[in-house]
2 protein chains.
Amino acid sequence: MSDMTRVALDAMGGDNAPGEIVKGAIDAVNLRDDIKVFLVGKTEVINPVLSEYTFNKEQVEVVNASEEIEMAEPPVNAIKKKKDSSMVVGMKLVKDGEADAFVTAGNSGAVLVGGQTIVGRIKGIKRAPFAPLIPTKTGVSLLLDCGANVDARPDQLVQFARLGSMYMDKVIGKKNPTVGIVNIGAEEEKGNALVKETFPLLKECKDINFIGSVESREIPEGACDVIVCEAFVGNVILKLYEGMATTLIGIIKEGLMSTTKSKIGALLAKPALKKTLKSFDASEYGGAPLLGLEGLVVKTHGSAKSKEVKNSIIQCVAFKEQDIAGNVQRMIESE
Amino acid sequence: MSDMTRVALDAMGGDNAPGEIVKGAIDAVNLRDDIKVFLVGKTEVINPVLSEYTFNKEQVEVVNASEEIEMAEPPVNAIKKKKDSSMVVGMKLVKDGEADAFVTAGNSGAVLVGGQTIVGRIKGIKRAPFAPLIPTKTGVSLLLDCGANVDARPDQLVQFARLGSMYMDKVIGKKNPTVGIVNIGAEEEKGNALVKETFPLLKECKDINFIGSVESREIPEGACDVIVCEAFVGNVILKLYEGMATTLIGIIKEGLMSTTKSKIGALLAKPALKKTLKSFDASEYGGAPLLGLEGLVVKTHGSAKSKEVKNSIIQCVAFKEQDIAGNVQRMIESE
């Protein structure tokens, strides 16, 4: 049992709950026998969905939670008051050591609040950054912080850089990952007050591979493995990234459907195009971890389908195997 | 002569100078007889290029400037020391009232420094924001500030909102333009310290049509006409916008060229796709003005080709006709 990675999954969170969430869980356990999923939520809702699938019963367990946190609910209140919500119950499983990780497509604000108050920050961690993987032309980059804790201090950004480096190395398997700070020019004297103060601290930091400033223009090309910025900027980058991809792919599809000739062309080009665009599909890479907590909390897109849920669950195995919490502990002690 | 719009054009600035710059000037004067262009730069370089074209000689005049400001040169020094550079000479023509506008594809930093020190800010303008038009699914939005003056104050952001509104109304012809502030959530309590302080000031502002927060995800869809933010964030948005477009269109082209079948498909779909992507082509919309100056200064992309140069020159006509400097003056007086 100790070799199993135990994932508490919020069966009620996100736009496609419970159908796609449950399917993601089944796909994960049918693919790997070293995963156990706790489906947390209303049993009367989950069981009928579950009954449609074939799977190893020992790998899936339903944990009842009678309440739900809505997508637009004010986070602090929601976590405080809804003690029997799927999110609070799922996070408590992690806190109590009954699960190694919690995965949810639910309310982002509530994930941030619950992660820090229920699962808890590792002592010495100043802020727990929200760190999604974003697709690039050459692979994938970790962008942090994309959370709700804006107006960060330079020492917090340095900690983000170290946490991000470790995650890319241990969980994603990118050895000696390059680290860049988001800036508005390549020169060291460029930037706002925060970047100018943080830059020399990152340069001095011996346990990361700091390559200097990256401009946002370079991010889609794959400028570096770990992209460090303050949460307001990170949130703007993450959402614009997704917005641009959606809009551009949308207008290209419209263009392809606009004439009879182009429709035939689209039909012929479709398989090749699909393969190409897949490389820019965020759902291939699982969800975004909240780093620096006593246990793993992963947030997938609110619109996540089963594939993203499955990938997020599988990602937890590497996180557990690599003992990320232990590594963070040692990182803090070496400060 | 007073009905003519006189544009000083930096013939030496940008990656494609002087060829594409001169061609842009010729295309503009051959299209409109109410424009006169001063081609500023080394006569011995400009004249041979000019001699290849047919045009009304009264509409084009070469003004000699013996120096050049390089793209990577430190801006303050460059403007101070290179008194006979095409940028300084061109801006002086505006300052002295001999030209209505200065258009350049040169060093952005030098444009910002020169614009404020040579052409000069209108009294009462706190900062001159750099305000490019960005293409969206439904048309075009003005994004400001995208300049180098980071860490702005709330009252400066309010002035940006008013300047941007006026520009969209008078120059672009968008009546009662909507104004949004870049934020990381739709609710008023979201945001960093700057946004939280600015939001109520914008709400109180009677001469703009403020619609509240916009998330970066909504920008490509055309969330509002005037997008207000601090320069660091604006710069990140502008460059990511361009980077995403380049990368995505690049990988789509690669995808289309990857198999024989897809190549045939691409051939059939090409005309329709081209038309669609044209709507997302920044060069259609001319350059970015530096707002709030005594005269007009417009910066085009460093990589601008003749079309963007031509469009930037033509944009100056509306700017002059609408007496933007006079309008800014009245705006300041009403504060």
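Residues numbered from 1 in each chain as written. Chains lettered and ligands numbered in written order. Predicted model: local features only at pLDDT ≥ 70, side-chain atom pairs only at ≥ 80, totals over all residues. Heavy atoms only, no water.

S.K.: I'm lost on the nonpolar core in this one. Help?
M.R.: The tendency in soluble globular proteins is for nonpolar side chains to be buried side by side. Counting residues in each nonpolar core, the largest one holds 229 residues, and the members touching the most others are Leu 9, Leu 39, Ile 237 and Ile 313 of chain A together with Leu 9, Leu 39 and Ile 313 of chain B. Setting aside anything within four residues of it in sequence, one finds Leu 39 of chain A in contact with Leu 9, Ala 11, Val 22, Ala 25, Ile 46, Leu 50, Val 60, Glu 61, Val 62 and Val 63 of chain A. Counting residues in hydrophobic clusters, the runner-up holds 11 residues, among them Ile 252, Leu 256 and Ala 269 of chain A together with Leu 273 of chain B. (Core = buried A, V, L, I, M, F, W, Y, C linked by side-chain atoms within 4.5 Å. Buried < 20%, exposed > 50% of the residue type's maximum accessible area, 1.4 Å probe, protein only. Contact = heavy atoms within 4.5 Å.)

S.K.: Sorry, what's going on with unusual backbone geometry here?
M.R.: Trans is the common state for peptide bonds, and a negative phi is the common state for residues other than glycine. Cis geometry is found at the peptide bond from Leu 144 of chain A to Asp 145 of chain A, where omega equals 10°. Inspection of the secondary structure assignment puts Asp 145 of chain A in the loop between strand E6 (139-144) and helix H6 (154-170). Note the cis peptide between Ala 17 of chain B and Pro 18 of chain B, where omega equals -5°. Relative to the helices and strands, Pro 18 of chain B is located in the loop between strand E1 (5-10) and helix H1 (19-31). Of note in this structure, Asp 151 of chain A is not a glycine but carries a positive phi near 55°. (Helix = DSSP H or I, 4+ residues; strand = E, 2+ residues; numbered from the N terminus.)

S.K.: For this particular structure, what's the right way to read helix H5 (residues 108-120) of chain A?
M.R.: Residues spaced three or four apart along an α-helix point in a common direction, a consequence of the helix completing one turn every 3.6 residues. Residue and element names in this part refer to chain A. Most pronounced at Gly 114, the bend in H5 amounts to some 35°. Taken together, the buried residues of H5 touch helix H3 (75-81), helix H4 (86-95), strand E4 (101-104), strand E10 (288-290) and strand E11 (296-299). The opening residue of H5, the one whose side-chain oxygen lies 3.0 Å from the backbone nitrogen of Gly 109, is Asn 107. (Bend = angle between axes of the 7 residues up to and from the residue. Polar contact = N/O pair within 3.5 Å; in protein donor to acceptor, adjacent residues only side chain to side chain.)

S.K.: What exactly am I supposed to notice about the interface of chain A and chain B here?
M.R.: In many reports, interface size means the accessible area that the parts give up when they come together. Across the boundary between the two partners, chain A contributes 50 residues, which contact 50 residues of chain B. Carbon and sulfur atoms supply 77% of the area that chain A and chain B bury against each other, a total of about 4800 Å² over both sides. If you sort the residues of chain A by the area they bury against chain B, Ile 184, Phe 232 and Leu 240 of chain A come out on top, with a joint share of 14%. Along the contact surface separating chain A from chain B lie 6 salt bridges. The partner of Arg 217 of chain B in a salt bridge is Glu 242 of chain A, with the nearest N and O atoms 3.1 Å apart. Taken together, chain A and chain B are joined by 14 residue pairs in polar contact (both at pLDDT 80 or more). Every element with two or more residues in the side of chain A that touches chain B is listed here: helix H7 (193-204), helix H8 (231-256) and helix H9 (260-278) of chain A. The element contributing the most residues to the side of chain A that touches chain B is H8 of chain A, with 19 residues. Its residues assigned to classes, the side of chain A that touches chain B shows 26 nonpolar, 15 polar and 9 charged. (Buried area = accessible area lost by both parts, 1.4 Å probe. Salt bridge = Lys/Arg side-chain N within 4 Å of Asp/Glu carboxyl O. Nonpolar A, V, L, I, M, F, W, Y, C, P; charged D, E, K, R; others polar.)

S.K.: I'm lost on helix H11 (residues 324-333) of chain B in this one. Help?
M.R.: Listed in full, the buried residues belonging to H11 of chain B are Ile 324, Gly 326, Asn 327, Val 328, Met 331 and Ile 332 of chain B. Buried residues belonging to H11 of chain B abut helix H6 (154-170) and helix H10 (306-321) of chain B.

S.K.: Looking at this structure, how should I read the pattern of salt bridges?
M.R.: Close approach of charged atoms allows side chains with opposite charge to pair. Summed over all chains, the structure comprises 28 salt bridges over all chains. One salt bridge connects Lys 137 of chain A with Glu 254 of chain B, and the closest N-O pair in it is separated by 3.7 Å. Here the residue Lys 137 of chain A occupies a position in the loop between strand E5 (133-136) and E6, and Glu 254 of chain B occupies one in helix H8 (residues 231-256), the pair thus bridging two chains. On the basis of relative accessibility, which here comes to 38%, the residue Lys 137 of chain A falls in the partly exposed class. Residue classification places Glu 254 of chain B among the partly exposed residues on the basis of a relative accessible area of 48%.

S.K.: Help me understand the packing of aromatic side chains, please; the structure alone is not making it clear to me.
M.R.: Geometry of an aromatic ring pair is reported as the spacing of the ring centres plus the angle between the planes. Across all of its chains, the model carries 4 aromatic pairs over all chains by this definition. Taken together, a centroid distance of 6.1 Å and an interplanar angle of 50° make the contact between Tyr 167 of chain A and Phe 319 of chain A tilted. Of this pair, Tyr 167 of chain A sits in helix H6 while Phe 319 of chain A sits in helix H10 (residues 306-321); the two residues are 152 residues apart in sequence, bridging distant segments of the chain. Look at Tyr 167 of chain A and you get buried, because its relative accessible area is 1%. An angle of 75° between the planes, with centres 5.2 Å apart, marks the rings of Phe 199 of chain B and Phe 210 of chain B as edge-to-face. Of the two residues, Phe 199 of chain B is situated in helix H7 (residues 193-204) and Phe 210 of chain B in strand E8 (residues 209-215); the sequence distance between them amounts to 11 residues. The two residues Phe 199 of chain B and Phe 210 of chain B agree in class, both being buried. (Phe/Tyr/Trp six-rings, centres within 6.5 Å; stacked < 30°, edge-to-face > 60°.)

S.K.: Would you mind going over the relation of the copies chain A and chain B with me for this structure?
M.R.: In this arrangement, two copies of a chain are superimposed by a rotation about an axis accompanied by a shift along the axis. Aligned on chain B, chain A shows an RMSD of 0.0 Å; the corresponding rotation is 180° and the shift along the axis is 0.0 Å. In the structure described here, the two chain copies are related by an operation that fits a two-fold rotation axis. Taking C-alpha positions as the reference, the residue of chain A nearest the rotation axis is Gly 265 of chain A, at 1.8 Å. Comparing contact sets, 100% of the residues at the interface of chain A also lie at the interface in chain B, consistent with an isologous, same-surface contact. (Least-squares fit on C-alpha atoms with pLDDT ≥ 70 in both.)

S.K.: Looking at this model, I keep getting lost on the environment of Met 166 of chain A. Mind explaining?
M.R.: Residue and element names in this part refer to chain A. Secondary-structure assignment places Met 166 in helix H6. For the pair formed by Met 166 and Ala 28, sequence separation is 138 residues and the distance between their alpha carbons is 25 Å. Look past the residues within four positions of Met 166 in its chain and what remains in contact with it is Val 171, Ile 324, Asn 327, Val 328 and Met 331.

S.K.: Hey, could you run me through the sheet that holds strand E1 (residues 5-10) of chain A in this one?
M.R.: Within a sheet, adjacent strands bond to each other through the backbone by hydrogen bonds, running parallel or antiparallel. Residues and elements named next belong to chain A. One open sheet accounts for 6 strands, arranged E3-E2-E1-E4-E11-E10; its pairing is mixed. Each edge of the open sheet is held by one strand with a lone partner, namely strand E3 (60-64) and E10. Strand after strand, the sheet turns through a mean of 25° between neighbouring axes, direction not considered. Here H10 sits on the sheet and contacts E1, strand E2 (35-41), E4 and E11; the angle it forms with E1, its principal contact strand, is near 145°. (Pairing = 2+ DSSP bridges. Axes fitted to C-alpha atoms, helices over the stretch in contact; angles between N-to-C directions.)

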